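Letter by letter, the chains look like this.
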Amino acid sequence: MSNSTLTDIQSRVRSVIASVFNVNVNLLFPENRLFEDLGVDSMDKLTLLLKLENEFEGAISDEDASAFTSVGAIEQYFTKRIGSQSCLENKQSPDIFLYHIKPKPDDSLVMKV
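The paragraphs below set out a description of the structure included in this document. (Residues numbered from 1 in each chain as written. Predicted model: local features only at pLDDT ≥ 70, side-chain atom pairs only at ≥ 80, totals over all residues. Heavy atoms only, no water.)

### Looking at the side chain of Ser 70
Following the sequence through the fold, Ser 70 ends up in the loop between helix H3 (62–66) and helix H4 (71–89). Under the relative-accessibility criterion, Ser 70 is labelled buried at 14%. Not counting residues within four places of it along the chain, the set of residues in contact with Ser 70 comprises Pro 30, Asn 32, Arg 33 and Leu 34. (Helix = DSSP H or I, 4+ residues; strand = E, 2+ residues; numbered from the N terminus. Buried < 20%, exposed > 50% of the residue type's maximum accessible area, 1.4 Å probe, protein only. Contact = heavy atoms within 4.5 Å.)

### Topic: the pattern of salt bridges
Going through the model one piece at a time under the given rule, you end up with 4 salt bridges. Between Asp 8 and Arg 12 there is a salt bridge, with its nearest N and O atoms 3.8 Å apart. Taken as a pair, Asp 8 and Arg 12 lie in helix H1 (residues 3–21) at a separation of 4 residues, close to a single helical turn. Residue Arg 12 is classed as partly exposed on the basis of its relative accessible area, which comes to 25%. Put simply, Glu 75 and Arg 14 hold a salt bridge, and the shortest N to O gap is 2.5 Å. Here Arg 14 lies in helix H1 and Glu 75 lies in helix H4, a separation of 61 residues in the sequence. We note that Glu 75, like Arg 14, is buried. Look at the salt bridges and you will find they share partners, linking Asp 8, Arg 12 and Glu 55 into a network. (Salt bridge = Lys/Arg side-chain N within 4 Å of Asp/Glu carboxyl O.)

Here it is as structure tokens:
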């Protein structure tokens, strides 16, 4: 992933956070904790999740959302997610298993793992 892509992801994440919590985007850093530093409550976090899903066009699982404890954690999540998507788009295989199907002599199909 290029530096410009990484910077774009960070910028987009911070813009969403800044707009939801009405803070200056230039005062957001990876180490800022959502609850302790930014004063986020559970309803604020739900609003943030909805805005992030809209911005990045995809659902965020409850398990993934529970790891969103800081600005940096959110940036890492989307960096990883977008990096995985670009690997798939480039037909690279990021930690997935590929199955090869070969016909048996009797013409039935068997999946080889």
